[in-house]
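Architecture and fold: a report
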Amino acid sequence: MMDNGKAIGFEQHEAQIRDLYNQMIRVAYAKVANKSDAQDAVQEAWVRILTKQDTLREQSKLNSWAKAITTNVALNINRQTKRSQPSDLLVQEQQDPDCDTSSEAELMMELSELLGLLDPKARTLLLYKFYYGFKDQEIADAMKVPVGTVKARIHRTKLLLRRLMDEQQM
């Protein structure tokens, strides 16, 4: 049985590791195209961290070191994915040479402009929810807010986007 001091130290250490994991997940999601690739990147990064832990010179730099490893692994996954899978637009053009990719590009630019009008927190919420496919609970955990807050913010942001789109159409 652990004494109280060791239990508290273990809980603090566990909280630090959980926080580091959340930071690594955020870094990976920012670099890769989907949730499963991000989780793969973090898993591979943990393996590298554990196998190369003797190369870390300063323990105080662990978080930065771990995030750098995660970034490199995620970028490697992106490179591998791009080599093995042709782009969606190229596949679409090959299947239907008459398709209008310029209208799709215009739509993407318009969407990008609208997202640019939002504040960073709102933009992040929408990207987590609709681009990366996070569940509301996962977003809440990453942003350290209650799930209800995430749902309300997403709802308000969607309403704001609708208003902005209506204003642009007028």
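Structure's up top.
Here's a quick rundown of the structure. Bear in mind that the values here come from a model prediction, so they are computed numbers and not experimental data.

Here is what the cut-offs are and how they apply
Residues numbered from 1 in each chain as written. Predicted model: local features only at pLDDT ≥ 70, side-chain atom pairs only at ≥ 80, totals over all residues. Heavy atoms only, no water. Helix = DSSP H or I, 4+ residues; strand = E, 2+ residues; numbered from the N terminus. Buried < 20%, exposed > 50% of the residue type's maximum accessible area, 1.4 Å probe, protein only. Contact = heavy atoms within 4.5 Å. Areas by Shrake-Rupley, 256 points an atom, 1.4 Å probe, with all protein chains shown as cover. Salt bridge = Lys/Arg side-chain N within 4 Å of Asp/Glu carboxyl O. Axes fitted to C-alpha atoms, helices over the stretch in contact; angles between N-to-C directions. Parallel < 35°, antiparallel > 145°, perpendicular 65-115°, else oblique. Left-handed = near helix turned anticlockwise from the far one by under 90°. Phe/Tyr/Trp six-rings, centres within 6.5 Å; stacked < 30°, edge-to-face > 60°. Expected span 1.5 Å × (residues − 1). Arc of directions from axis to C-beta.

Moving on, we come to the overall build of the protein. Counting secondary structure elements, the protein contains eight helices and zero strands. N-terminal to C-terminal, the α/β element order of the protein is α-α-α-α-α-α-α-α. When the 170 residues of the protein are sorted by exposure, 26% land in the buried category. Partitioning the contacts of the protein with sequence separation of at least 6, the portion at a separation of at least 24 is 58%. Taken as a whole, the protein presents about 12,200 Å² of accessible surface, with 53% of it coming from carbon and sulfur.

Once that is clear, we can look at the pattern of salt bridges. Taken as a whole, this structure holds five salt bridges when the rule is applied. For Arg18, the salt bridge goes to Glu14, with nearest N and O atoms at 3.0 Å. With Arg18 and Glu14 both in helix 1 (residues 4-31), this residue pair falls four residues apart, about one helical turn. Between Lys129 and Asp136 there is a salt bridge, and its shortest N-O distance comes to 3.0 Å. Assessed through its relative accessible area of 16%, Asp136 is described here as buried.

Our focus in this paragraph is the packing of helix 6 (residues 120-131) against helix 7 (residues 136-143). Running from N to C, helix 6 and helix 7 point in directions that differ by 140 degrees, and their axes come no closer than 10 Å. With respect to helix 7, the element helix 6 is oriented oblique. The two elements helix 6 and helix 7 meet at a crossing, and its hand is right-handed. Between helix 6 and helix 7, the residues in contact are Lys121, Leu125, Tyr128 and Lys129 and Asp136, Ile139, Ala142 and Met143, respectively.

Right, let's talk about the packing of aromatic side chains for a bit. Working definition: an aromatic ring pair is given by the centre-to-centre distance plus the angle between the planes. According to the stated counting rule, one finds two aromatic pairs in the structure shown. Every member of this aromatic cluster is reached through a ring pair, and the members are Tyr29, Tyr128 and Phe134.

Moving on, we get to unusual backbone geometry. Although it is not a glycine, Lys144 sits at a positive phi angle of roughly 60 degrees. You can see Lys144 is positioned in the loop between helix 7 and helix 8 (147-169). When its relative accessible area of 57% is taken as the criterion, Lys144 is described as exposed.

Looking now at helix 2 (residues 35-51). Compared with an ideal rise of 1.5 Å per residue, which puts 17 residues at 24 Å, helix 2 spans 25 Å between its outermost C-alpha atoms and is within 8% of the ideal. Within helix 2, the full set of buried residues consists of Lys35, Asp37, Ala38, Ala41, Val42, Ala45 and Ile49. An end-on view of helix 2 places all buried positions within 155 degrees of arc, on one side of the element. Turned more than 90 degrees off the buried face of helix 2, the exposed positions are Gln43, Leu50 and Thr51.

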